[in-house]
Every structure is written in structure tokens, then in C-alpha cells.
Amino acid sequence: MEEMSSFLKVIVFQLNEEEYTIPVHQAGSIEKIMPITRVPGTAPFVKGVINLRGVVTPIIDLCERLGMENTRMTEQTRIITAKIGDLAVGLIVDGANDVLDINQELIEPSSEAIGTEGLEFIQGVVHLEQRLLVLLNLEKVLSLEEVHDLKKAEV
């Protein structure tokens, strides 16, 4: 029996006191916040680039991208590196501390319960005991046009 295929392994991270997830297979590493070099002419949610082990990586403020109020950087602030298409990006999050296996049968389609803000970025929600986890669809977080703009920022 192939039981494991019905589970999705995700990284859980915080944005404005709420818990979000991305699939582990799209995530690279979790890094402490580091100096970010601004790149002129990029979208407001693109904070700049970092040099991560020799790879120039565009950094996206996920709160700002999802239309949320920005939070200030703290000791818990992290950069999650992720692959969106063939582009490596860094996502600024308030904290990242959990890897979970989620039973895919528990994933509900994103509903009006979340509100309309950033709905297109959401793949679904999962209720786990006292927690509500929002599953992000990274391909929707950045449009193809924005991915091309970020590739220019890498040069």
C-alpha cells in the first residue's frame, strides 16, 4: 500500500502571527537575516539580493507581496530559499520552525474564511488541532513577468 503518497511534507513559517506553509520540495534552506543589497527598478516587495554561498538570490518580502502589513525584523526573522520555476528566491518570513507531514485529505480549498486578500496565492488551508495552516502556491506568488524581472536583477 502506498500510504505515504497521500502526505505532503511542508515547512511551516509565520507571517503576522499566522502560520503558512510551502512544500519542502520547493524549499532550499532556512537562513538568518543578512544584509540585503537594494536593486533599483524592482517591485516594492523585492527587497534586493543577497549572495548566498556564491549564488545571487533575489529577496522577496512575503508580507508585502501578500498585501499584509510589514513586520519589523527580529531575531526570529528568517529567509527561506525556494525554487519558483527555475528561479531561486529568498522569502523573508517572521519565523520558520516546523516541518510537518500533512495528510492531503485534510487540505480544504481556500475559502472565504480567509478573506479575499491574497486569495490567488493560496492553494488551500488545513486545520490541525488548534492550528490553521495556509498552504501557499509559490507559482502564483510571483507572476511569470515578475520572475523575468527578478532574473534581470540577478545579473
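What you see as residue numbers is a count from 1 along each chain, following the sequence as written. With pLDDT at 70 or above as the cut-off, local features in this predicted model cover only qualifying residues; side-chain atom pairs require 80 or more to be listed or tallied, and sums for whole chains, interfaces and linings still use all residues. The side-chain values count all of the structure's non-hydrogen atoms but skip hydrogen atoms and water molecules.

Attention now goes to the nonpolar core. In plain words, nonpolar cores are sets of buried Ala, Val, Leu, Ile, Met, Phe, Trp, Tyr and Cys residues tied together by side-chain atoms within 4.5 Å. In this scheme, a residue with accessible area under 20% of its type's maximum is buried, one over 50% is exposed, and one in between is partly exposed, where area comes from a 1.4 Å probe on protein chains only. Grouped together as the largest cluster of nonpolar side chains are 30 residues, with contacts concentrated most on F13, L62 and L136. Secondary structure counts use DSSP, requiring at least four H or I residues in a row for a helix and at least two E residues in a row for a strand, with both numbered from the N terminus. Here this core takes four residues from strand β7 (residues 87–93), the largest share from any one element. Once residues within four sequence positions are removed from consideration, F13 is found in contact with E18, E19, Y20, T21, I22, L62, I80, V93, G95, A96 and L136. Residues L8, V12, I102 and L133 belong to the second largest nonpolar core, which totals eight residues. Should any heavy atoms of two residues lie within 4.5 Å, those residues are counted as being in contact.

Here the focus is the sheet that holds strand β9 (residues 122–128). Only strands joined by at least two bridges in the DSSP assignment are considered to pair. Ordered by their spatial adjacency, five strands build an open sheet running β8-β1-β2-β10-β9, and the pairing between neighbours is mixed. With partners counted over all chains shown, the strands left at the sheet margins are β8 (95–103) and β9, one partner each. If you compare each strand with its neighbour and ignore which way they point, the axes differ by 35° on average. Where strand β1 (residues 7–15) meets β8, eight bridges bridge the pair, whose relative direction is antiparallel. Paired with F7 across the two strands is N103, which belongs to β8. Fitted lines through C-alpha atoms give the axes, limited to the stretch in contact for helices. The angle between two N-to-C directions lies from 0 to 180 degrees.

Summarising the element assignment, S29 is placed in strand β3 (residues 27–32). On a C-alpha basis, the gap between S29 and G90 in space is 9.2 Å, while along the polypeptide they are 61 residues apart. Not counting residues up to four positions away in its chain, the partners in contact with S29 are L52, R53, I79, I80 and T81. Side chain to side chain, S29 and R53 meet in a polar contact 3.4 Å long. Polar contact criterion, stated in full: a pair of N or O atoms within 3.5 Å, where within protein one must be able to donate a hydrogen and the other to accept it, and residues adjacent in sequence count only if both atoms are side-chain atoms.

Any two rings among Phe, Tyr and Trp, with Trp reduced to its six-membered ring, count as a pair given centres within 6.5 Å; such a pair is stacked if its planes are under 30 degrees apart, edge-to-face if over 60, and tilted if neither. Scanning the model with the defined rule gives one aromatic pair in all. Ring centres of F13 and Y20 lie 6.2 Å apart, and the angle between their planes is 20°; this geometry places the pair in the stacked category. With respect to class, F13 is no different from Y20; both count as buried. A ring has a charge above it when a Lys NZ or an Arg CZ is no more than 6 Å from the ring centre and no more than 35 degrees off the ring normal. One Lys or Arg, R65, reaches over the ring of F45 and ends 4.5 Å from the middle of that ring.

This next bit is on the sheet that holds β3. The five strands lie next to each other as β3-β6-β7-β5-β4, forming an open sheet whose pairing is mixed. Here the strands that pair on one side only, and so sit at the sheet edges, are β3 and β4 (46–52). Ignoring which end each strand starts from, the neighbouring axes of this sheet average 30° apart. As judged from the seven bridges shared by strand β6 (residues 78–84) and β7, these two strands associate in the antiparallel manner. The residue bridging R78 from the neighbouring strand is V93, located in β7.

Let us now look at the side chain of Q14. The topology assignment puts Q14 in strand β1. Judged by relative accessible area, Q14 falls into the buried class, the value being 17%. Within polar-contact distance, the side chain of Q14 engages the side chain of E19 at 3.5 Å. Setting aside residues no more than four positions away along its own chain, Q14 makes contact with E19, V93, D94, G95, A96 and N97.

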